[in-house]
Every structure is written in structure tokens, then in C-alpha cells.
Amino acid sequence: MKRIYIALVAVSMGSALFFTQCKKPSQDFDFSVNADVFDNTVAVKLYDAATPGVAPKNVSITIEGKSANGVYEISGKKLFKIVDGIISLGIHPSMAPKEGNPVEFVINVTAPGYLKVRMPVTVLAGQETKMVAISMINTENPPPGVTVVSETVTLTGGATTTPVAIGTPAAPGEVSATVAIAPGTSFKDAAGNTINGASLSATMVHFNTKHAASLNAFPGSGFNADDVKDANGNIVSGMFQTAGFTNIDMDMGGTSVKEFSQPINVGIGIDATQTNPATGAPFAVGDIIPIWSYQGETG
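This is a predicted model, so every value here is computed, not measured.

Enquirer: Would you mind going over the sheet that holds strand β6 (residues 103-110) with me for this structure?
Expert: Note on sheets: strands pair through backbone hydrogen bonds, and any given pair is parallel or antiparallel. Reading across from one edge, β3-β6-β7 is the order of the 3 strands in this open sheet, with antiparallel pairing throughout. Looking along the sheet, the strands with just one partner apiece sit at the ends: β3 (60-64) and β7 (117-123). Across this sheet, the average inter-strand angle for adjacent strands is 25°, counted without regard to direction. Two elements, β3 and β6, share 5 bridges in a ladder whose sense is antiparallel. Counted as the bridge partner of Ile-61 is Val-109 from β6.

Enquirer: I keep staring at the side chain of His-206 and nothing clicks. Help me out?
Expert: Structurally, His-206 is set in strand β13 (residues 199-207). His-206 sits in the buried class, given a relative accessible area of 1%. Other than its neighbours up to four places away in sequence, His-206 contacts Gly-145, Val-146, Thr-147, Thr-168, Val-175, Ser-176, Ala-177, Phe-245, Thr-246, Ile-268 and Gly-269.

Enquirer: Explain the sheet that holds strand β11 (residues 177-181) to me, please; I cannot follow it from the model alone.
Expert: Ordered in space as β10-β11-β18, the 3 strands form an open sheet in which the pairing is antiparallel. Of all the strands in the sheet, just β10 (164-167) and β18 (265-268) have a single pairing partner and so form its edges. Between one strand axis and the next, the sheet turns by 15° as a mean value, whatever way the strands run. Sheet analysis places β10 next to β11, joined by 4 bridges and oriented antiparallel. Its bridge partner being in β11, Gly-167 is matched across the sheet by Thr-178.

Enquirer: What's the story with the side chain of Asn-276 in this structure? I'm lost.
Expert: Mapped onto the secondary structure, Asn-276 falls in strand β19 (residues 275-276). What Asn-276 contacts, discounting residues up to four positions off in sequence, is Ala-281, Pro-282, Phe-283 and Asp-287.

About the thresholds
- Residues numbered from 1 in each chain as written.
- Predicted model: local features only at pLDDT ≥ 70, side-chain atom pairs only at ≥ 80, totals over all residues.
- Heavy atoms only, no water.
- Pairing = 2+ DSSP bridges.
- Helix = DSSP H or I, 4+ residues; strand = E, 2+ residues; numbered from the N terminus.
- Axes fitted to C-alpha atoms, helices over the stretch in contact; angles between N-to-C directions.
- Buried < 20%, exposed > 50% of the residue type's maximum accessible area, 1.4 Å probe, protein only.
- Contact = heavy atoms within 4.5 Å.

Right under this line is the structure:
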């Protein structure tokens, strides 16, 4: 399925941490690793965003990225088994991080009923132990501030014939997200080939920034990002402050939708009480907010 996070954010390069009210569940977790085998270890805790004390069941993880060959389960094996939501990883001494050459890999996480997660991990020289907390969204039981809608759209000849509008439910006083697809829109796979199907399956998840549990699900490596590509194609680091974000999955007969024959419109509601960091005042009509996207499969 196509997983695209679209976030309305302001990015501040090298600025101080935002959203200090969001307490990461990893703060109260204890990890145990065998330091005799590896000089650099990564302790990973996976938790349900709605119930942080409960670990998702039947979790599977894979490791990929530049340094993936040097990442092992703490026992020294390449068998990555999650026990009660916890796994400890070790970096092979021959691939230990050095100054100017950190260890970089990606943890891909899947679990039945949960949104997939792709978590980039960077281990710096001298960083003996790194703790990583991964928040997972159960689409059947999302945390406060997260709303989910799934719909099936009937197609003719693999294309829409009428306007399609999909929107997440909104509680009183809260905002939502929408997707509008024009008639005559067809859908393409990763290779750019048009998909011929009788129906389109779409799931949309909206994250309200008024709720800490929702903010904990910010995609990628969270608000502190080291591998962001800017409008000029440069890789930059910075801190995100989001005005709102949404996750969209689409597929046709099990084939992921990657492109559209014409643009689709995505709307993300902004809470009227949020402050625009560029003006210091609540967001107002006419304000311009940078748009960032995140492709879950590729990071």
C-alpha cells in the first residue's frame, strides 16, 4: 500500500526542542543488554500509542540501510525476535561508528492491525547505548487525537467516474483531514504503469496536534530529523514543529498506488489555537505553511 505522510510544518534548523509536553514512553522503560559482546548497542521498545504499557502482538522487524550488515540481535544472531515489545541490537565491532562515519540503519516494523513504521537509527562515535522508542498506531483502537477512515471506491476501467471525497471523522471542536479525487483519475504502480482494477481501497489517518499521544506518532525519526531533503534536494537536519499531519494508504487489488493520472487534493485542518512560529500569533487566513511529505516504504 502507498504510505504517504503529509505534514504541515515549520522547520527550524538547529533550534531548540519543541513540544516539551510530550513525554516519550521510553522515559520509564528499563533495558538490559550484554555489553561484553558489543561496544555499541541499541535498545528498542515498541508500544501501542493508545496504551503505552501494552506492546503490540505478533510484531516483525527487518533491518536495512547502509550499516544493516553490521546489526545483530544482542545474542549475536541475525534473528530479530521481539519479546514483550523489546529487542536489543548490537553493532558488530568491525563496523563500530567512527568520527565522521556514524552507523546508520533503518528498523522496519509491522504488526497485524497497526500502521507500518520505518524508524531511521543513527549511532554516533562514542555512543555506547542508544534507546529508541517506537510508537505504533492500532487502526482499530487509535490513541486520543488520531482518527481513521477506510473506504472502498468503485471504479470503471480502473478510473473514477464521479468526484470522490474521503474525510476522517472529527469530534466537536477538533479538526479533520480530507482527500478529494476528481472524476477520470486513474492510478499507477511504482513503475508508472496504470493499474486496472474494479475498486480502490483507501485508508486515511489524521493526527491532531492537540494530543500528546498523536504527536508521538510523528513519522520517521520524530521531530528531530537528520535526513530531511529540502526543496533544493539538499539533506539537512532540524527540528519540526507540525501544524498537522495525515497518513494515506491506497491500493488496487493488492497493488500499491504510487502515482495518479492527475493531482488529488489533500486538506489538513489546523486548530485555531495553534501558534504560527513564524509570526508568534495564532494561524490566520493567508498564512503560508511549508508542506513536507514522508514516504514510509523508503524513509
